[in-house]
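# Structural features, examined
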Amino acid sequence: MSRHVIVTGASRGIGAAVAEHFIALGDHVVALSRSGAAPEGCAASLSVDVAQSEQVTAAVKDAIALFGPVEVCVVNAGITRDGLAMRMSDEQWRDVLATDLDGAFYTARAAMASMVRARQGSIIFIGSVSPFIGVPGQANYAAAKAGLMGLARSLAKEVASRSITVNVVAPGLVDTDMTTDLGPASDEMAAMIPMGRIGAPSDIAGVVGFLASNHARYITGAVLAVDGGLALGL
Ligand code: NAP
């Protein structure tokens, strides 16, 4: 049976691959992003800034009106605004926290209410290995992604009794617009990955699909690194 799946940041990169994964399974995918762009086959796409609480709440409400209770919510939208901490502006700090952490909370909160009523659901946050390995120039991003883990694990306990799972997928380095700017540095980083290659968005999408499947019904509060071994042992 097709499920109602919400994916934030589905216009490109990891989010688009995740949306395509669920579309291929026959699910109704509602794509949220600022641009409102979405992969072919999405049931609906909505233009939303996840950092704006009221926009997220309204979009999830619209999605529920169209397709019923949310069964899977993939909280993926994210940005980077890199800079060494000593020179990082308040704006760089706030922009990243507002999108990557506040936006994640607003999205999960909006989706959770309908899951609690339906007594089922999966929430999957896209985190990062950054908080585990520490990345110079990404204090804002690593802090937001660390916060995401605390958020996810607390939510996991709040809703476990309703058969709702809450997990985090923590990618390493993945080939998307977010990493294009790295240029030659991406080769240097690839050399640090035990598996010797940067990940593809589909590497992440498959794991998200697994966590949303019946095979993973007894997994909650987990942080699953999908990183070719980059954060191994941490
Ligand atoms: P990307 O290619 O830059 O795509 C980012 C997505 O987020 C786009 O769909 C963008 O949509 C959306 N977005 C950004 N800000 C938004 C906002 N305020 N409201 C709504 N949508 C917003 O990035 P990606 O590499 O696929 O990253 C996806 C997630 O994976 C992020 O959470 C990122 O932190 C995480 N991650 C990525 C990597 C990596 O190496 N790529 C590694 C670890 C974790 P529009 O521009 O259309 O709004």
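To start, this report covers the structure provided alongside it. (Residues numbered from 1 in each chain as written. Predicted model: local features only at pLDDT ≥ 70, side-chain atom pairs only at ≥ 80, totals over all residues. Heavy atoms only, no water.)

### Section: empty space enclosed by the protein
Note the threshold: Points on a 1 Å grid over protein atoms alone make up a cavity when a 1.4 Å probe fits among them but cannot get out, and a pocket when they form an open set with protein on both sides within 12 Å along at least five of seven lines; lining residues each have an atom within 4 Å of a point. Grid points are joined across faces, edges and corners, and a volume is the space filled by probe spheres set on the points. We count a stretch as a helix when DSSP gives it H or I for four or more residues in a row; a strand needs E for two or more, and each element gets its number in order from the N terminus.
In total, this model carries one cavity of 30 Å³ or more according to the counting rule given. Counted as a void, the largest cavity has a volume near 50 Å³. Around the largest cavity sit 13 residues that line it, and V75, N76, A77, D100 and A104 are the ones nearest its centre. If you list the elements that add at least two residues to the lining of the largest cavity, you get α3 (90–118) and α5 (139–159).

### What to know about the site of the ligand
As a reminder of what qualifies: It suffices for a single heavy atom of a residue to lie within 4 Å of a molecule or strand for the residue to be listed as near it. Pairing of N or O atoms within 3.5 Å defines a polar contact, subject to two protein rules: one partner must be a possible hydrogen donor and the other a possible acceptor, and residues neighboring in sequence count only if both atoms are side-chain atoms. We get accessible surface area from the Shrake-Rupley algorithm with a probe of 1.4 Å; when it comes to residues, only the shown protein chains can shield them. Just a note on the criterion: a molecule sits in a pocket or cavity if more than half of its atoms are within 2 Å of the grid points.
The full set close to the ligand counts 30 residues, and S11, S35, N76, Y141 and T176 are the nearest of them. The separation between an oxygen atom of the ligand and a polar main-chain atom of I14 is 2.8 Å. One of the side-chain N or O atoms of K145 is found 2.9 Å from an oxygen atom in the ligand. In isolation the ligand exposes 890 Å². Once the protein is present, 96% of that is buried. Taken atom by atom, the bulk of the ligand overlaps the largest pocket. Sorting the residues of the shell around the ligand by element identifies α1 (13–24), α5 and α6 (177–180) as the ones contributing at least two each.

### What about the packing of α1 against helix α8 (residues 201–211)?
Short version of the rule: Here an axis means a line fitted to C-alpha atoms, over the contact stretch when the element is a helix, while the angle between two N-to-C directions is reported on a 0 to 180 degree scale. Small angles under 35 degrees read as roughly parallel and large ones over 145 as roughly antiparallel, with 65 to 115 read as roughly perpendicular and the rest as oblique. Each helix crossing is assigned a hand: it is left-handed if the near helix lies turned anticlockwise from the far helix by less than a right angle, otherwise right-handed if that turn is clockwise. Two residues qualify as a contact provided that any one of their heavy atoms is within 4.5 Å of a heavy atom in the partner residue. Residues are grouped as follows: Ala, Val, Leu, Ile, Met, Phe, Trp, Tyr, Cys and Pro are nonpolar; Asp, Glu, Lys and Arg are charged; every other residue, Gly included, is polar.
Relative orientation of the contacting elements α1 and α8 amounts to 50°, with a least axis distance of 8 Å. Comparing their axes, α8 and α1 come out oblique. Here the hand of the crossing between α1 and α8 comes out right-handed. Side by side, α1 and α8 meet where G13, I14, A17, V18, H21 and F22 of the first sit next to P201, S202, I204, A205, G206, V208 and G209 of the second. The class makeup of the residues in the contact of α1 with α8 is eight nonpolar, five polar and no charged.

### Quick look at unusual backbone geometry
Of all residues except glycine, most have a negative phi; of all peptide bonds, most are trans. Positive phi is not limited to glycine here, since R119 has a value of about 55°. Relative to the helices and strands, R119 resides in the loop between α3 and β5 (121–126). Phi is positive for S163, which is not a glycine, with a value near 65°. For S163, the location among the structural elements is in the loop between α5 and β6 (164–171).

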